[in-house]
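Summary of structural features
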Amino acid sequence: MNTNRFDAFTRAMGSRGTRRAALGGIAATGGLALLGRALAQDAATPDASAVPATPASGPLRVRKNAASLTAAEKEAFTDAILALKAKPSPWINGLSTYDTFVLWHRDAFNCDIMAAHMGPAFLPWHRVFLHLFEQQLQSVEPTVNLPYWDWTVDNTPESPIWADDLMGGDGDPKEQNAVLTGPFKKGSWEITVFDYADAVRSPFIVRSMGTGFMAKTLPTAEDVEAALAIAAYDAAPWNSTVATGTSFRNQLEGWQDCVSETCDPVSGMGPKCVGPHNLHNRVHLWVAGEFRFASQAEPETIDGTPVPVAIPSADPATDLMGTMSFNSSPNDPAFFLHHTNIDRIWTQWAAKHGNVYEPTSGATMGMNADDMMWPYAMLGMHVTPNMALTTEAFGYTYE
Ligand SMILES: [Cu+2]
């Protein structure tokens, strides 16, 4: 282990502590309290035994297309997700195992952490994230592997992944766009980890597929091909403002023509971009949708009771968005099918251009080739982007 790097990590953790104090004045939100608890818990009792230090031995496990899973495979997968939602976290007191992943993903946007997005570690960070989640799924249903959603093919709300036996369907516009079908429907699945920017904080999954200004359609096979054709893994300045078309990572992540990145102390880091969202970002936004409720303008009432009826988006400044649009997007299990496909596209790029990564320095800490990544380092898992360049390193492959 490189001690200098570890010291750098420790310093980052320290600066997060300062930040927590600064945010204390608005700690009325449950989310900030959770962040505080996560920091304290991680520092005090990381349970390294919950993270196998070495990849599984034996034959490679195979991640399949979600659309080709058997009925039994779909049931095992969704049952395992439901089990993790109920199972106490091995890492954080008071949270479920599932919600721990939501919390990590959300807090990775914290301006002082910036571990997972808008930079070269986007792909390796999510590879490790999916791997840890898959291991937890396998701890309750040993046959389960993460399936992927090929959204270039299954590209409508009627696609098989949205059936009652997998992710459930689109939200119901008459019921605040709540998902009312499938294993994760309102009443069966309760969201507890919210975003600071989530004004509505619905405890159920909200989807409004393809209704937004930003993503009326899903990316196409041509969009994926255009990304795969980019020879450079990434390029300076190693964030979302990389010149469009010069970085495979940035193209796949979905940023186009971004001019700056700004830190919002409440909602975390976010870029300012001129171009429309592409690929990864676009899929998040397509599932989430963008809408407003008629009651925001003129309350509709039936017998004096306001009826929240969602109507198509009218003004981006006042629109609401679905679960998959937030930093806490893993609250919608569709997140995992989407990101497994992003991971698969990375393997296609590597088959073409090699198992290469850049940079070795100059990116945000945690994003250089040999930097340890947050929060995995805190769990006793010393994994760097360079260690996550092949799926075989984690014991799986794609069908
Ligand atoms: Cu993410």
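1. As for the overall build of the protein
From N to C terminus, the protein includes ten helices and eleven strands. Every one of the 399 residues in the protein was classed for burial, and the buried ones make up 55%. Looking at the protein alone, contacts between residues at least 24 apart form 68% of all its contacts between residues at least 6 apart. Of the roughly 15700 Å² of accessible surface on the protein, 56% is carried by carbon and sulfur atoms.

2. Regarding the state of the cysteines
With the rule as written, the count across this model stands at two disulfides. Note that cysteine 111 is cross-linked by a disulfide to cysteine 263, the S-S spacing being 2.1 Å. Classification of the bridge connecting cysteine 111 and cysteine 263 rests on its S-S torsion, roughly 95 degrees, and on that basis the disulfide is right-handed. Note that cysteine 111 is positioned in the loop between α4 (97-107) and α5 (122-140) and cysteine 263 in strand β4 (residues 258-264), a separation of 152 residues in sequence. We classify cysteine 111 as buried; its relative accessible area is 13%. In this model cysteine 258 forms its disulfide with cysteine 273; the gap between the sulfur atoms is 2.0 Å. Every disulfide takes its handedness from the sign of the S-S torsion; for cysteine 258 and cysteine 273 that torsion is 90 degrees, giving right-handed.

3. As for the nonpolar core
Counting residues in each nonpolar core, the largest one holds 87 residues, and the members touching the most others are Trp149 and Phe248. Those residues in contact with phenylalanine 248 that sit more than four places away from it in its chain are Leu123, Ala227, Leu228, Ile230, Ala232, Tyr233, Ile345, Trp346 and Trp349. Counting residues in each nonpolar core, the second largest holds six residues, with Phe109, Met114, Met118 and Cys258 among its members.

4. Here we look at the coordination of the copper ion
Only His105 (NE2), His117 (NE2) and His126 (NE2) from the protein reach the copper ion as donors, at distances of 2.0 to 2.1 Å. Written as a sequence motif, the donor arrangement for the copper ion is H-x11-H-x8-H. Residues histidine 117 and histidine 126 agree in their burial class; the two are buried.

5. Comments concerning the environment of tryptophan 189
Here tryptophan 189 is to be found in the loop between β3 (178-179) and α6 (221-228). Note on tryptophan 189: relative accessible area 2%, which makes it buried. Not counting chain neighbours up to four residues away, the residues in contact with tryptophan 189 comprise Ile81, Leu82, Lys85, Tyr98, Phe184, Pro203, Phe204, Ile205, Asn331 and Pro333. In terms of polar contacts, tryptophan 189 uses its side chain to reach the backbone carbonyl oxygen of asparagine 331, at 3.0 Å.

6. Looking at the environment of histidine 126
For histidine 126, the location among the structural elements is in helix α5. Histidine 126 gets classed as buried once you look at its relative accessible area, which sits at 4%. Between the alpha carbons of histidine 126 and aspartate 343 there is a distance of 7.7 Å; along the sequence they are 217 residues apart. Not counting chain neighbours up to four residues away, the residues in contact with histidine 126 comprise His105, Ala116, His117, Ala121, Phe335 and His339. Among the polar contacts made by the side chain of histidine 126, one reaches the side chain of histidine 105 at a distance of 3.4 Å.

7. Focus on the pattern of salt bridges
Where charged atoms of side chains with opposite charge meet at close range, the side chains can pair. Scanning the entire structure with this criterion turns up eleven salt bridges. Across the pair lysine 74 and aspartate 165 runs a salt bridge, and its minimum N-O distance is 3.5 Å. With lysine 74 in helix α3 (residues 71-86) and aspartate 165 in the loop between α5 and β2 (171-172), the pair connects residues that are 91 residues apart, well separated along the chain. With a relative accessible area of 11%, lysine 74 lands in the buried category. Where arginine 106 meets aspartate 107, a salt bridge forms, and the shortest distance between an N and an O atom there is 2.9 Å. Accessibility classification places arginine 106 together with aspartate 107 in one group, the buried group.

8. Quick notes on α3
Here α3 spans 23 Å end to end across 16 residues, near enough to the 22 Å set by a 1.5 Å rise per residue. When we look at burial in α3, the residues that qualify are Lys74, Ala76, Phe77, Thr78, Ala80, Ile81, Leu84 and Lys85. Residues of α3 that are buried in the fold lie against α4, α5 and α10 (334-353).

9. Some thoughts on the confidence of the model for the protein
Chain-level statistics for the protein give a pLDDT mean of 83 and a share of 79% at 70 or above. Long-range and interchain partners of residues 1-49, a stretch whose pLDDT sits below 50, account for 62 contacts in this model, where long-range means more than four residues apart.

10. A word on unusual backbone geometry
The bulk of non-glycine residues show a negative phi, and the bulk of peptide bonds are trans. A cis geometry characterises the amide bond from alanine 236 onward to proline 237, with omega recorded as 5 degrees. In this structure, proline 237 sits in the loop between α6 and α7 (248-253). For the bond from tryptophan 374 to proline 375, the omega torsion is 0 degrees, close enough to zero to count as cis. Position of proline 375 relative to the elements: it lies in the loop between α10 and β11 (396-398). Even without a glycine there, the phi angle at glutamine 176 is positive, about 55 degrees. Following the sequence through the fold, glutamine 176 ends up in the loop between β2 and β3.

11. A word on the packing of aromatic side chains
Under the defined criterion, the tally for this structure stands at 23 aromatic pairs. Look at phenylalanine 184 and tryptophan 189: their rings are 5.1 Å apart centre to centre, the planes differ by 75 degrees, and that puts the pair in the edge-to-face class. Here phenylalanine 184 matches tryptophan 189 in class, with each residue buried. Here tyrosine 233 and tyrosine 357 contribute two aromatic rings whose centre-to-centre distance is 5.0 Å and whose plane-to-plane angle is 40 degrees, an arrangement assigned as tilted. Here tyrosine 233 is found in the loop between α6 and α7, whereas its partner tyrosine 357 is found in the loop between α10 and β11, with 124 residues between them in sequence. Just as tyrosine 233 is buried, tyrosine 357 falls in that class too. Aromatic ring contacts, followed pair by pair, group Trp91, Tyr98, Phe101, Trp104, Trp125, Phe129, Phe133, Phe184, Trp189, Phe335, Phe336 and Tyr376 into a single cluster. For the cation-ring pair, arginine 63 lies above tyrosine 396, with the distance from its terminal atom to the ring centre recorded as 3.5 Å. Directly above the ring of tryptophan 189 sits lysine 85, whose terminal nitrogen or CZ lies 4.6 Å from the centroid.

So, how was this worked out
- Residues numbered from 1 in each chain as written.
- Predicted model: local features only at pLDDT ≥ 70, side-chain atom pairs only at ≥ 80, totals over all residues.
- Heavy atoms only, no water.
- Helix = DSSP H or I, 4+ residues; strand = E, 2+ residues; numbered from the N terminus.
- Buried < 20%, exposed > 50% of the residue type's maximum accessible area, 1.4 Å probe, protein only.
- Contact = heavy atoms within 4.5 Å.
- Areas by Shrake-Rupley, 256 points an atom, 1.4 Å probe, with all protein chains shown as cover.
- Disulfide = S-S within 2.5 Å.
- Core = buried A, V, L, I, M, F, W, Y, C linked by side-chain atoms within 4.5 Å.
- Donors = N, O, S within 2.8 Å, 3.2 Å for Na, K, Ca; no water.
- Polar contact = N/O pair within 3.5 Å; in protein donor to acceptor, adjacent residues only side chain to side chain.
- Salt bridge = Lys/Arg side-chain N within 4 Å of Asp/Glu carboxyl O.
- Expected span 1.5 Å × (residues − 1).
- pLDDT = per-residue confidence, 0-100.
- Phe/Tyr/Trp six-rings, centres within 6.5 Å; stacked < 30°, edge-to-face > 60°.
- Lys NZ or Arg CZ within 6 Å of the ring centre and 35° of its normal.

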